[in-house]
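Here is what each chain is made of, one letter per residue.
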Amino acid sequence: MKKYKTGFVLGKFCPLHKGHMFLIDTALSHVERLYIVVDNIMDNVISVSKRIQWVKKEYPEAIVLTQPHPLPQDPSETPQFWNIWREALHALLPERTEIVFASEAYGERLAKELNAEFIMVDCERRQVPISATSIRNDIWQNWDYLSDAAKEDLITTICIFGPESTGKSTLTKQLAAHFGTPYVNEYAETVIRSKNGNISFEDMETIVRGHHNNIRRAIEMLPPILFIDTDAISSKIWSDELFGKESPVIEDYIAKQHFTHYLLLDVDIPWQDDIHRYRPDNRLDFFMKCRQELEHRCKHYSVVTGIGEERKLKAITLVKLITSGLDNRLCGKVKFF
């Protein structure tokens, strides 16, 4: 039998990680009803609605709330700090809280303001040695500390994009090997080879559906970074190029695919013929169509130039920049070049 009827946890959960989860799990083991308040901070890198969604997904048994307006974050901001928080929480919580759980020193004072008992949980971070700040500064290195709910939204997806014979497949594999993460092959090549190069308009739907399903399965593995060889936008351009029309299904799949960043490969490397290549003489025109599509759809992209090792090193540098910090990535503060 649990000792307390009601308990309370306050946090930013920006992002929700295993240290937060240890705190919440501890609280749930002590109380019949747990109230979790997701702090509605003003300068939030991640929206409060997204953070609430993560907490609810991981803890459907808890009652998850947030205050309607941002509140002061430190007593130095105003002499009324504790009065403001006490009144806000009394207005927010539907019943008296018997016990407060926290991993920070403020928890003891907050418990007094709520006339509740207090339990400090892993204040020295011995059970889970991580902080949200550390994750935001280097999300890739601290990926395993994230909750699965947060991972689903914070995967960095990089689409290698552009005309044929620009090294997309090679670069996709090189990047995956360098960063030790999975990749998704171009599904079009599989279909084209199975048809000995003679594809029809109807095959375009097969290509976008198969490629999308492979991307979805790879994302379900929750890797920190996923490299993807082309996307449905490329299929749209090729459908127009080869058949002069586009299946409405392609646009449906474009709407489903939201990647963190595109690496658009330049046509500055020599053409190499293959069974799945069709346009040796108009790669520059195709490149411009790719660029126009990305800009029209407001996609974040970088143009990658160079031959051989130079091309790979430029792409690696860009990926490091994109994944350098959660604050930069979610705010779009990446230098595109």
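Look up a bit, the structure's there.
Throughout this document, residue positions are counted from 1 along each chain, in the order its sequence is written. Since the coordinates come from a predicted model, pLDDT governs what is reported: local features require at least 70, and pairs of side-chain atoms require 80 or more to be given and counted, while whole-chain, interface and lining totals use all residues. Derived side-chain values reflect all non-hydrogen atoms in the structure, with water molecules and hydrogen atoms excluded from consideration.

A. Highlighting unusual backbone geometry. Cis peptide bonds are those with omega within 30 degrees of zero, and the linkage from Cys14 to Pro15 qualifies with 5 degrees. For the purposes of this entry, the term helix denotes a DSSP run of H or I that reaches at least four residues, the term strand denotes a run of E that reaches at least two, and both are numbered from the N terminus. Locating Pro15 in the fold gives a position in the loop between strand S1 (4-11) and helix H1 (18-28). Residue Leu222 is not a glycine yet carries a positive backbone phi of 60 degrees. Tracing the chain through its elements places Leu222 in the loop between helix H9 (201-219) and strand S8 (225-229).

B. Inspection of the sheet that holds strand S7 (residues 183-184) at higher detail. Whether two strands pair depends on DSSP finding at least two bridges between them. Pairing within the open sheet is parallel, and its five strands lie in the order S7-S8-S6-S9-S10. In the strand order of this sheet, the two ends are held by S7 and strand S10 (301-304), each with one partner. In the packing of H9 onto the sheet, the strands contacted are strand S6 (156-161), S7 and S8, and the crossing angle to S8 comes to about 170 degrees. Note on definitions: a residue-residue contact is assigned when non-hydrogen atoms from the two residues lie within 4.5 Å. A fitted line through C-alpha atoms serves as each axis, taken over the contacting stretch for helices, and the angle formed by two N-to-C directions is quoted from 0 to 180°.

C. Molecular detail of the pairing of S8. Of all the five residues making up S8, five are buried; the element is thus mostly covered by neighbouring parts of the structure. Any residue under 20% of the maximum accessible area for its type is buried, any over 50% is exposed, and the rest in between are partly exposed; the area is computed with a 1.4 Å probe on protein chains only. What you see with S8 is no split at all: Ile225, Phe227 and Asp229 on one side and Leu226 and Ile228 on the other are buried throughout. Both S6 and S8 contribute to a ladder of five bridges, which runs parallel. Bridge pairing in S8 places Thr157 opposite Leu226.

D. Quick peek at the packing of aromatic side chains. Side-chain rings of Phe, Tyr and Trp (the six-membered ring for Trp) are treated as a pair once their centres are within 6.5 Å; stacked means planes under 30 degrees apart, edge-to-face means over 60, and tilted covers the remaining angles. For the structure shown, the criterion picks out seven aromatic pairs. Ring centres 5.9 Å apart and planes at 35 degrees place the aromatic pair Phe179 and Phe227 in the tilted group. Residue Phe179 is found in helix H7 (residues 168-179), and its partner Phe227 is found in strand S8; the two are separated by 48 residues along the sequence. Members of the aromatic cluster, each reached through a chain of ring pairs, are Trp140, Phe179 and Phe227. The criterion is that NZ of a Lys, or CZ of an Arg, lies within 6 Å of the ring centre and within 35 degrees of the ring normal, and then a charge sits over that ring. The lysine or arginine in question, Lys245, covers the ring of Phe201, its NZ or CZ lying 4.4 Å from the ring centre. Seen from the ring of Tyr253, Lys256 lies directly overhead, with NZ or CZ sitting 4.5 Å from the centre.

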